[in-house]
Amino acid sequence: MREDLSTIIKAIPLPTVIIGVNERIVNANAAALEIFGDNLIGRHYVTTFRHPQLLDSIETCFRIGTDAKTQFTISEASRDRTMKASVSALELPDFSGIMACFEDITSVNQAGQIRRDFVANVSHELRTPLTAMLGFIETLRGPARHDPAARDRFLQTLESEARRMSRLVRDLLALSRVEGEERLLPSEETDLIAVLSTTVERLKTLAQDRQVEIKVNCDLDSCVLNGNSDQLDQIFTNLIENAIKYGAKGGVADISVSKIKYEAGLRSAAVKVEICDDGPGIDALYIPRLTERFYRIDSHRSRQVGGTGLGLAIVKHVVNRHRGRLKITSQLGKGSCFSVVLPLR
Ligand SMILES: Nc1ncnc2c1ncn2[C@@H]1O[C@H](COP(=O)(O)OP(=O)(O)OP(=O)(O)O)[C@@H](O)[C@H]1O
Ligand SMILES: [Mg+2]
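Owing to the predicted nature of the structure, the values given are computational and were not obtained by experimental measurement.

The next subject is the overall build of the chain. The helix and strand inventory of the chain stands at 10 helices and 12 strands. Expected size for 345 residues packed as a compact globule is a radius of gyration near 20 Å; at 29 Å, the chain overshoots this value by more than 25%. Principal-axis analysis of the C-alpha atoms gives the chain an extent of 85 × 65 × 40 Å. For the chain, buried positions account for 26% of its 345 residues. At a minimum sequence separation of 6, the contacts of the chain that also span at least 24 residues come to 59%.

Listed below in structure tokens is the structure:
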């Protein structure tokens with residue numbers, strides 16, 4: 001019968017351990033050995049599992065035969081793993097003991113945490129303009145009712161708060177759309193140069209407002225690739241907008257486009273679009289976090305210039321969808337460069 005047991009637990013995809021009535025481990029599948037070490041067989045379970053919750057469950061199962069489920073954490077050098085354990089009594093004709101089955105639920109827990117953080121962030125971003133709007137509406141109905149100058153001013157603020165909310169909703173929808181189709185390489189052919197020119201044209205007013213000069217260095221008349229023009233526009237819009245917003249006032253936003261014959265990382269020819277500014281730059285500490293949703297280095301400043309911190313998250317997902325690479329380099333006091341490398345067929 002023990003051989004049968006061995007065959008059965010080998011077939012179970014989850015880490016599984018069987019403990020005999022003498023409280024020693026009689027069998028374990030490869031997945032369990034990987035987690036708890038190679039020399040499990042024959043050892044007392046107490047010396048193998050050092051997690052109090054798990055030991056309690058096994059002990060109770062031995063004493064009164066009740067099945068139990070429990071969770072515990074394994075600390076490893078590089079990370080902590082959260083495990084779920086199901087402990088059940090085994091009563092077979094020629095074997096009695098306990099079977100413990102484990103499941104690594106770290107990523108499930110992390111996904112839950114990311115979802116909760118996301119909802120908290122969205123709620124916070126929506127609540128701030130909403131609170132401001134409700135306050136202004138109250139003032140417009142009360143003290144400012146007969147004051148046309150104040151009414152105009154408040155209406156202007158109401159409009160800018162409403163626009164802020166609408167931008168947030170637009171960006172959230174864009175993010176969810178591109179995340180949904182991230183595995184689907186766009187099939188349509190798009191001229192990157194045409195998209196970039198339209199984006200630059202559209203951002204000229206914003207650049208003028210901040211006295212930023214947009215310079216484009218590009219020798220190519222066209223550059224056709226498999227790409228979604230709206231999404232490529234989202235990449236360029238956010239990167240150029242960032243260079244204008246966070247670069248130096250009265251500075252330059254430098255855009256250069258070049259073809260690469262063979263890009264090793266992509267194993268194909270590629271086109272590189274580099275957008276550099278001469279602003280204060282970004283501390284190396286923050287660079288890895290820039291593409292997280294809602295991440296802003298100086299949230300007060302970014303909020304003042306209308307940012308929600310979703311732009312680079314959208315850029316990252318769009319670049320991924322196009323099987324490209326996003327690289328960020330920056331030197332404090334000198335400026336930042338965001339380069340997007342997209343594969344060409
Ligand atoms: N060129 C840049 N120079 C300095 N800091 C930058 C630059 N680009 C981005 N950042 C920093 O990275 C943060 C995240 O940028 P991101 O584009 O994701 O969000 P945002 O511009 O704040 O808002 P949104 O793009 O949603 O309007 C910004 O808040 C800013 O702090
Ligand atoms: Mg931005």
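Looking now at the nonpolar core. Counting 33 residues, the largest nonpolar core has Ile235, Leu239, Ile240 and Ile275 as its most contacted members. Of all the secondary structure elements, the ones that give two or more residues to this core are α7 (192-209), α8 (229-246), β9 (252-263), β10 (268-277), α10 (311-321) and β12 (335-343). No other element matches α8, which puts seven residues into this core. For leucine 239, the residues in contact, after removing those within four places along its chain, are Ile275, Val315 and Phe338.

With that out of the way, let us pick up the environment of leucine 332. Following the sequence through the fold, leucine 332 ends up in the loop between β11 (325-331) and β12. With 268 residues separating them in the primary sequence, leucine 332 and isoleucine 64 have C-alpha atoms 65 Å apart. Leucine 332 has contacts with Gly281 and Asp283, leaving out every residue within four places of it along the chain.

Taken domain by domain, the chain comprises domain 1 (2-104), domain 2 (108-180) and domain 3 (185-345). Taking only C-alpha atoms, the centre of domain 2 and the centre of domain 3 are 26 Å apart. Opposite the 12 residues of domain 2 that make contact, domain 3 presents 12 residues. Counting residues per element, the ones that place at least two in the side of domain 2 that touches domain 3 are α5 (106-141) and α6 (148-180).

Our focus in this paragraph is unusual backbone geometry. Even without a glycine there, the phi angle at phenylalanine 294 is positive, about 70 degrees. Relative to the assigned elements, phenylalanine 294 resides in the loop between β10 and α9 (299-304). Positive phi, normally seen in glycine, also occurs at arginine 323, with a value near 60 degrees. By secondary structure assignment, the location of arginine 323 is in the loop between α10 and β11.

By nearness alone, 22 residues border ligand 1, and Asn242, Arg296, Gly307, Gly311 and Leu312 come closest of all. For the shell around ligand 1, the secondary structure elements donating two or more residues are α8 and α10. Take the shell around ligand 1: its biggest share by element is four residues, from α8. Class assignment of the residues belonging to the shell around ligand 1 gives a composition of eight nonpolar, 10 polar and four charged.

The strand order across the open sheet formed by five strands is β7-β9-β10-β12-β11, and the pairing between neighbours is mixed. Each end of this open sheet is capped by a strand with a single partner; those strands are β7 (213-218) and β11. The sheet shows a mean angle of 20 degrees between the axes of neighbouring strands, taken without regard to direction. The sheet contact formed by β7 and β9 spans six bridges and is parallel. Paired with asparagine 217 across the two strands is serine 256, which belongs to β9. Those strands touched by α8 are β7, β9, β10 and β12, and its axis lies near 25 degrees from that of β10.

Our focus in this paragraph is the pairing of strand β1 (residues 16-20). Counting buried positions over the five residues of β1 gives four, a clear majority of the element. Inspection of the sheet shows β1 paired to strand β5 (residues 95-104) by five bridges, in the antiparallel sense. The partner of threonine 16 across the bridge, within β5, is cysteine 101. Of the pairings in the sheet, the one linking β1 to strand β2 (residues 25-28) comprises three bridges and is antiparallel in character. Residue pairing in the sheet places isoleucine 19 in a bridge with isoleucine 25 of β2. Counted between consecutive antiparallel strands, the loop separating β1 from β2 contains four residues, among which glutamate 23 sits at a positive phi close to 70 degrees.

The next point concerns the sheet that holds β5. Across the sheet, five strands lie side by side as β2-β1-β5-β4-β3; this open sheet has antiparallel pairing. Edge positions in the open sheet fall to β2 and β3 (68-75), since each of these has one partner strand only. Sheet twist, expressed as the mean angle between neighbouring strand axes with direction ignored, is 25 degrees. Across 10 bridges, the pairing between strand β4 (residues 80-92) and β5 is antiparallel. In the strand pairing of β5, leucine 90 is matched with glycine 97. Across the sheet, helix α4 (residues 52-64) touches β1, β3, β4 and β5, and the angle it forms with β3 is around 150 degrees.

The rules behind each value
- Counting starts from 1 at the beginning of each chain's written sequence and moves along it residue by residue.
- Lettering of chains starts at A and numbering of ligands starts at 1, both following the order in which they are written.
- In keeping with the predicted nature of the model, local features appear solely for residues at pLDDT of at least 70, side-chain atom pairs appear and are counted solely at 80 or more, and the whole-chain, interface and lining totals rest on all residues.
- A helix here means a DSSP run of H or I that spans at least four residues, while a strand means a run of E at least two residues long, and both kinds are numbered starting from the N terminus.
- We compute the radius of gyration over the C-alpha atoms and compare it with the globule rule, which gives 2.2 Å times the number of residues raised to the power 0.38.
- Once C-beta atoms are placed from the backbone, each residue is buried if 20 or more other C-beta atoms lie within 10 Å of its own, exposed if 12 or fewer, and partly exposed for counts between those two.
- Here contacts are defined at the residue level, using C-beta atoms placed from the backbone and a cut-off of 7 Å between them.
- We define a nonpolar core as a collection of buried residues of the types Ala, Val, Leu, Ile, Met, Phe, Trp, Tyr and Cys that are connected via C-beta atoms lying within 7 Å of each other.
- Each domain span listed reflects an automatic or database assignment of domains.
- Nearness between a residue and a molecule or strand is assessed with a C-beta atom placed from the backbone; a distance within 6 Å qualifies.
- Polar here means any residue outside two lists: the nonpolar Ala, Val, Leu, Ile, Met, Phe, Trp, Tyr, Cys and Pro, and the charged Asp, Glu, Lys and Arg; Gly therefore counts as polar.
- The rule for pairing is simple: two strands pair if DSSP sees at least two bridges between them.
- The axes used here are C-alpha line fits, helices contributing only the stretch in contact, and every angle between their N-to-C directions lies in the interval 0 to 180 degrees.

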